[in-house]
Amino acid sequence: MRTAIVAAMHEELAAVLALMPDEARQSAAGRDFWVGHLHGREVVAVLCRIGKVAAATTAAVLAERFQVDRLVFTGVAGGLAAGVHVGDVVLADSFLQHDLDASPLFPKYEVPLYGSSRFATDRELTCRLESAARIALPGVAVHRGLVVSGDRFVATTSESRALQAALPQALAVEMEGAAIAQVCHDYGLPFAAVRTISDRADDDAHTDFARFVSEVASRHSAAIVRALLAQP
Ligand code: SAH
């Protein structure tokens, strides 16, 4: 069982690598893939970089070249739904690209030729990741539901409100998950994603994001990953 751990930002990857005693670097597609063990489990850890294309490339290389058996994304996101606060944790049960619109040829948000706008994550892996998050971060609020992705850092209250109105089920917004979900769907690869809320995707998002990433996010990611791999 080989698990891919994918992070979007350096701070998060660094905290995961610190838990790997034997990581060896392999380069592919201009990226560094760190192959080794975490809690005795085979792991490939990688920085996917930011945005949907970067995330999709990374997921495809993990499936093709590294032959991983499951893929876990860990990162931060902006909170959208009313009860989703900075510091909370969100598990994605499905993803949608909020900036995809091929209408009138296809319904808004639908991925052309897939007949669907949402890609589900793996239910069992998501349950495991959720219990890992609850064990690693006792007392932290954990939500589970729709997460939306797009190639935009949502950092104005007006855009955040527009997204909430258009997609009332969306708990959080980020920039990679829906792309990875689609690639994992194509490869039949179990996928789960956990996001700590770093900001509310509003006019304060930029300041909140920067503070949160350096202070909290990296510790959260590593603690959740460690608890996941400690499971039998
Ligand atoms: N490193 C840059 C930009 C990071 S982009 C900086 O320091 O400003 C934000 C990253 O966090 C992306 O990987 C995205 O998935 C996630 N994210 C956090 N808050 C977000 C928001 N409000 N809108 C979109 N993505 C967000």
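(A) Region of interest: the site of the ligand. Residues in contact with the ligand amount to 18 residues; listed here are only the nearest, Val154, Met175, Glu176, Arg195 and Asp199. Measuring from a nitrogen atom of the ligand, one finds a backbone N or O atom of Val154 at 2.9 Å. Glu176 is positioned such that a nitrogen or oxygen atom in its side chain is 2.6 Å from an oxygen atom of the ligand. Expressed as a share of its isolated accessible area of 570 Å², the protein-covered part of the ligand is 81%. Residue assignment for the shell around the ligand shows that the elements contributing at least two residues are strand S5 (70–79), strand S9 (170–174), strand S10 (191–199) and helix H6 (205–229). Per-class residue counts for the shell around the ligand are 10 nonpolar, 3 polar and 5 charged.

(B) Molecular detail of the packing of helix H3 (residues 123–136) against H6. Following both chains from N to C, one finds H3 and H6 inclined at 120°, their axes separated by 8 Å at the closest point. Considered as vectors, H3 and H6 are oriented oblique to each other. Of the two possible hands of crossing, H3 and H6 adopt the one that is right-handed. Contacts from Arg128, Leu129, Ala132, Ala133 and Ala136 in H3 reach Ala223, Ile224, Ala227 and Leu228 in H6. The residue makeup of the contact of H3 with H6, split by class, is 8 nonpolar, no polar and 1 charged.

(C) Representation of the packing of helix H2 (residues 52–64) against helix H5 (residues 177–187) in the model. Relative to each other, H2 and H5 sit at 30°, their axes nearing to 8 Å. If you check the angle between H2 and H5, you find them roughly parallel. Crossing handedness for the pair H2 and H5: right-handed. Counting all contacts with H2, which are made through Lys52, Ala55, Ala56, Ala59, Ala60, Ala63 and Glu64, the residues of H5 involved are Ala179, Ile180, Val183 and Tyr187. Split into classes, the residues belonging to the contact of H2 with H5 amount to 9 nonpolar, no polar and 2 charged.

About the thresholds
Residues numbered from 1 in each chain as written. Predicted model: local features only at pLDDT ≥ 70, side-chain atom pairs only at ≥ 80, totals over all residues. Heavy atoms only, no water. Near = heavy atom within 4 Å. Polar contact = N/O pair within 3.5 Å; in protein donor to acceptor, adjacent residues only side chain to side chain. Areas by Shrake-Rupley, 256 points an atom, 1.4 Å probe, with all protein chains shown as cover. Helix = DSSP H or I, 4+ residues; strand = E, 2+ residues; numbered from the N terminus. Nonpolar A, V, L, I, M, F, W, Y, C, P; charged D, E, K, R; others polar. Axes fitted to C-alpha atoms, helices over the stretch in contact; angles between N-to-C directions. Parallel < 35°, antiparallel > 145°, perpendicular 65-115°, else oblique. Left-handed = near helix turned anticlockwise from the far one by under 90°. Contact = heavy atoms within 4.5 Å.

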